[in-house]
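Chain residues, written in single-letter form:
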Amino acid sequence: MPNLCAHFIGGEAVPAVATGATPVFNPSRGEVIAQAPAGGPAEVQKAVEAARKALPAWAETPAVERARILFRYKGLLEGQFENLARLVTREHGKTLDEARGDVRRGIEVVELACGIPSLIMGQALGNVARGIDGQLSLEPVGVCAGITPFNFPAMVPMWMYPLAIACGNAFVLKPSPKVPLTAVRLAEIALEAGLPAGVLNVVHGGREAVDALLVHPDVAAISFVGSTAVAKHIYETGTAHGKRVQAAGGAKNFMIVMPDADLEAATTAIMGAAFGCAGQRCMAGSVAAPVGRAAEPLLKRLSKAATDLKVGPTDEDESAGMGPLIDPLARERVLRCLESGSREGAQLVQDGRAVPLTQQTDGFFVGPSIFDRVRQEMQLAREEIFGPVLSVMRAESLGDAIAWANQSRYGNGAVIFTQDGGAARQFARDIRCGMVGVNVGVPAPMALFPFSGWNQSFFGDLHVQGTEGIRFYTRSKVVLSRWQYDGRRALGW
Ligand code: NAD
């Protein structure tokens, strides 16, 4: 029986009590490589207590000293870069290159956090009234919790805790039980970098652990990334319990291709957006909307590129351009979606079920699939699939394509491929979502910018990353001081 992962609490591995567990697969082989224990209120209590204990000294540590630890952390992460990427590939199944991207995007948030002394500087106004000075400082909020999805085992946890701890908070991370190994390794490396024990803790589990965090009176803030239904539940329950909450949800991202677009470049970008990480990305481009005469040549190119895409195990074979889905359930869901898409009347022009693998294994593979003539009312156009399925919706005009995208209940990303600045500008102005690409397939913002989902892709006010992340993990304090000096004053200029 593969190892039951330990929780990481107060700087130590805390063995799990065996009361149920989620299998952690190597999705490339279909083998169980570990078990994520089902932590609950008892484990959450321990982790929150450890965080509370570490909090006063950490919050009091000068920002420059916190930054020094983060600089050391960044150095250690670079040293472990390749090992971390391999760990991500092993428990997630994405290609090694994609895993490197996952770790790199996370490290970029640590780099941002290294600038915390400047980022957290407040404001001051001398003589705000006669004899009174005003000073605003950004203070830690306390114990913060992060609940993360399976699809970016390194990046998404690192959207959260580096900024939270840089701001002087203590943190409890509850990673996805499907990918618990990377999260623990990231926390161990933070301890090696000199982060005091208890400032960063990891508790494993699913709904029970999450619900314990949501109602815990000592948790001040919750960051969540995952599906929309859970994001809504987290936001509503967390705020009802007096916490600040940022909760990012699912997505349906449109990619519009104008007739004047560079179709070679657009095809490469669409392939990456639709099938990168086997479509398991909240920024996955899942609908391509070619306008007018762009449709036929685009489809021809996409079909060829999909046929050429090598699918196979990613753990030993670096030649595979696309890996498996995360688990058997995800695979079944995608297979069902292929069946229902055909039933709804869309044309399956590229069938991922028929794809030969680079190496035969028991992994959870479905190759890239493309549906043509998808219509607005079909589920394919409306629901998040979270798998390697691209829907093509042929549009007569840019206005039609934008209108379709704007009817989505989500609002993460949307993209246009064009050489016409006017069309690009109109698209950027009219599209209703938070992350917009012009000739960029996956407009995921870098660490400096907030990850800006709209509508049902985000619940809350301040997004993760960037200066919004800093604002989320701090609260402002305004000090007004009145001091009188009764001696002679030199008021000349
Ligand atoms: P998920 O919602 O199933 O799980 C996310 C986290 O919530 C996990 O830690 C899980 O243990 C916990 N959880 C699951 N069900 C719960 C419940 N009923 N109550 C409380 N907690 C629960 O998501 P997933 O399948 O791990 O990840 C895929 C989803 O995440 C997709 O919808 C994707 O679009 C979304 N995602 C969004 C972003 C973004 O920035 N908007 C980024 C990455 C992933």
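Refer to the structure above for everything that follows.
Source: prediction; values computed, not measured. (Residues numbered from 1 in each chain as written. Predicted model: local features only at pLDDT ≥ 70, side-chain atom pairs only at ≥ 80, totals over all residues. Heavy atoms only, no water.)

Chemist: What am I meant to see in the packing of helix α3 (residues 81-92) against helix α4 (residues 96-113) here?
Modeler: Between two packed helices, the angle of one axis relative to the other and the distance separating the axes together describe the packing. For the pair α3 and α4, interaxial distance at closest approach is 8 Å and the crossing angle is 120°. By the angle between their axes, α3 is oblique relative to α4. Viewed along their axes, α3 and α4 form a crossing whose handedness is right-handed. In contact with Phe81, Glu82, Leu84, Ala85, Arg86, Val88 and Thr89 of α3, α4 contributes Leu96, Ala99, Arg100, Asp102, Val103, Arg104 and Ile107. Tallied by class, the residues present in the contact of α3 with α4 amount to 8 nonpolar, 1 polar and 5 charged. (Axes fitted to C-alpha atoms, helices over the stretch in contact; angles between N-to-C directions. Helix = DSSP H or I, 4+ residues; strand = E, 2+ residues; numbered from the N terminus. Parallel < 35°, antiparallel > 145°, perpendicular 65-115°, else oblique. Left-handed = near helix turned anticlockwise from the far one by under 90°. Contact = heavy atoms within 4.5 Å. Nonpolar A, V, L, I, M, F, W, Y, C, P; charged D, E, K, R; others polar.)

Chemist: For this particular structure, what's the right way to read the packing of aromatic side chains?
Modeler: The geometry of an aromatic ring pair is captured by two quantities: the separation of the ring centres and the angle between the planes. By the definition in use, this model includes 7 aromatic pairs. When the ring of tryptophan 159 is compared with that of phenylalanine 451, the centres are 4.4 Å apart and the planes differ by 40°; the resulting orientation is tilted. With a gap of 292 residues between them, tryptophan 159 in helix α6 (residues 155-166) and phenylalanine 451 in the loop between β18 (435-438) and β19 (458-459) connect regions that are remote in the sequence. Residue tryptophan 159 shares its accessibility class with phenylalanine 451, and that shared class is buried. Taking 5.2 Å as the distance between ring centres and 80° as the angle between the ring planes, the aromatic pair formed by phenylalanine 472 and tyrosine 473 counts as edge-to-face. (Phe/Tyr/Trp six-rings, centres within 6.5 Å; stacked < 30°, edge-to-face > 60°. Buried < 20%, exposed > 50% of the residue type's maximum accessible area, 1.4 Å probe, protein only.)

Chemist: Whenever I open this one, helix α14 (residues 398-406) confuses me. Can you help?
Modeler: Since there are 3.6 residues in each turn of an α-helix, residues three or four apart along the chain are aligned in direction. Along α14, the residues classified as buried are Leu398, Ala401, Ile402, Trp404, Ala405 and Asn406. Against β12 (253-257), β13 (285-290), β17 (413-417) and α15 (421-430) lie the buried residues of α14.

Chemist: Explain the nonpolar core to me, please; I cannot follow it from the model alone.
Modeler: Generally speaking, a soluble globular protein has its nonpolar side chains buried in company with each other. Counting residues in each nonpolar core, the largest one holds 67 residues, and the members touching the most others are Tyr73, Leu77, Trp159, Phe171 and Tyr473. For this core, the element with the most residues is α6, which contributes 10 residues. Both of domain 1 (7-250 + 453-479) and domain 2 (253-438) provide at least three residues apiece to this core. When residues no more than four places from it in sequence are discounted, the contact partners of tryptophan 159 are Val109, Val225, Phe451, Val464 and Gln465. Judged by nonpolar contacts, the second largest core, of 65 residues, contains Leu298, Ile370, Phe371 and Val415. (Core = buried A, V, L, I, M, F, W, Y, C linked by side-chain atoms within 4.5 Å. Domains from an automatic or database assignment.)

Chemist: What should I look at first to understand the site of the ligand in this one?
Modeler: Neighbouring the ligand are 28 residues; Thr148, Lys174, Ser227, Gly249 and Glu384 lie closest to it. Measuring from an oxygen atom of the ligand, one finds a backbone N or O atom of glycine 226 at 3.2 Å. Here an oxygen atom of the ligand sits 2.6 Å away from a polar atom, N or O, in the side chain of glutamate 384. For the ligand, whose accessible area on its own is 840 Å², the fraction buried by protein is 87%. Only α8 (207-215), β10 (219-225) and α9 (228-240) provide two or more residues apiece to the shell around the ligand. A per-class count over the shell around the ligand returns 14 nonpolar, 11 polar and 3 charged. A domain-level breakdown of the shell around the ligand finds at least three residues from each of domain 1 (7-250 + 453-479) and domain 2 (253-438). (Near = heavy atom within 4 Å. Polar contact = N/O pair within 3.5 Å; in protein donor to acceptor, adjacent residues only side chain to side chain. Areas by Shrake-Rupley, 256 points an atom, 1.4 Å probe, with all protein chains shown as cover.)

Chemist: In this structure, what is going on with the sheet that holds β17? I would like to understand it.
Modeler: Strands belonging to one sheet form pairs held by backbone hydrogen bonds; the direction of such a pair is parallel or antiparallel. The 7 strands lie next to each other as β14-β15-β16-β13-β12-β17-β18, forming an open sheet whose pairing is mixed. Of all the strands in the sheet, the pair left with one neighbour each is β14 (347-350) and β18. Across the sheet, the axes of successive neighbouring strands diverge by a mean angle of 20°, strand direction being ignored. Of the strand pairs in this sheet, β12 and β13 are connected by 5 bridges, and their pairing is parallel. Residue phenylalanine 254 lies in a different strand from β13, and its bridge partner there is valine 287. In this fold α15 packs onto β12, β17 and β18, with an angle of close to 170° to the strand it touches most, β17. (Pairing = 2+ DSSP bridges.)

Chemist: Before we go on, may I ask you to explain a nonpolar patch on the surface in this structure?
Modeler: Nonpolar side chains collect at one region of the surface, where Leu125, Val128, Val478 and Leu480 lie side by side and expose about 390 Å² of accessible area between them. Taken together, the elements giving at least two residues each to the nonpolar patch come down to β5 (123-129) and β20 (474-482). Overall, the relative accessible area of 58% leaves leucine 480 in the exposed class. (Patch = residues over 30% accessible without salt bridge, like charges linked within 9 Å, V, L, I, M, F, W, Y side chains within 5 Å. Salt bridge = Lys/Arg side-chain N within 4 Å of Asp/Glu carboxyl O.)

Chemist: How do you make sense of unusual backbone geometry when you look at a structure like this?
Modeler: The bulk of non-glycine residues show a negative phi, and the bulk of peptide bonds are trans. Backbone geometry places asparagine 127, a non-glycine residue, at a positive phi of 55°. In this structure, asparagine 127 sits in strand β5. Here cysteine 277, not a glycine, exhibits a phi torsion of approximately 55°, which is positive.

Chemist: Quick question: what am I supposed to make of the packing of α3 against helix α7 (residues 180-192) here?
Modeler: Where α3 meets α7, the axes come as close as 8 Å, and the angle between the chain directions of the two elements is 160°. As judged from the angle between their axes, α3 and α7 are roughly antiparallel. Across the interface between the two elements, Leu84, Leu87, Val88 and Glu91 of α3 pack against Pro180, Leu181, Thr182, Arg185, Leu186 and Ile189 of α7. Partitioning the contact of α3 with α7 into residue classes produces 7 nonpolar, 1 polar and 2 charged.

Chemist: Any chance you could explain the pattern of salt bridges here in plain terms?
Modeler: Side chains that differ in charge, positive against negative, can pair when their charged atoms come close. Taken as a whole, this structure holds 24 salt bridges when the rule is applied. The salt bridge partner of glutamate 296 is arginine 394, with a shortest N-O separation of 3.0 Å. Linking glutamate 296 in helix α11 (residues 295-308) with arginine 394 in the loop between β16 (389-392) and α14, this pair joins segments that are 98 residues apart in sequence. For arginine 394, a relative accessible area of 24% gives the class partly exposed. Between aspartate 351 and arginine 353 there is a salt bridge; the shortest N-O distance is 3.0 Å. The class for aspartate 351 is partly exposed, based on a relative accessible area of 28%. Assessed through its relative accessible area of 41%, arginine 353 is described here as partly exposed. Through salt bridges with shared partners, one network takes in Glu82, Arg86, Asp97, Arg100 and Glu318.

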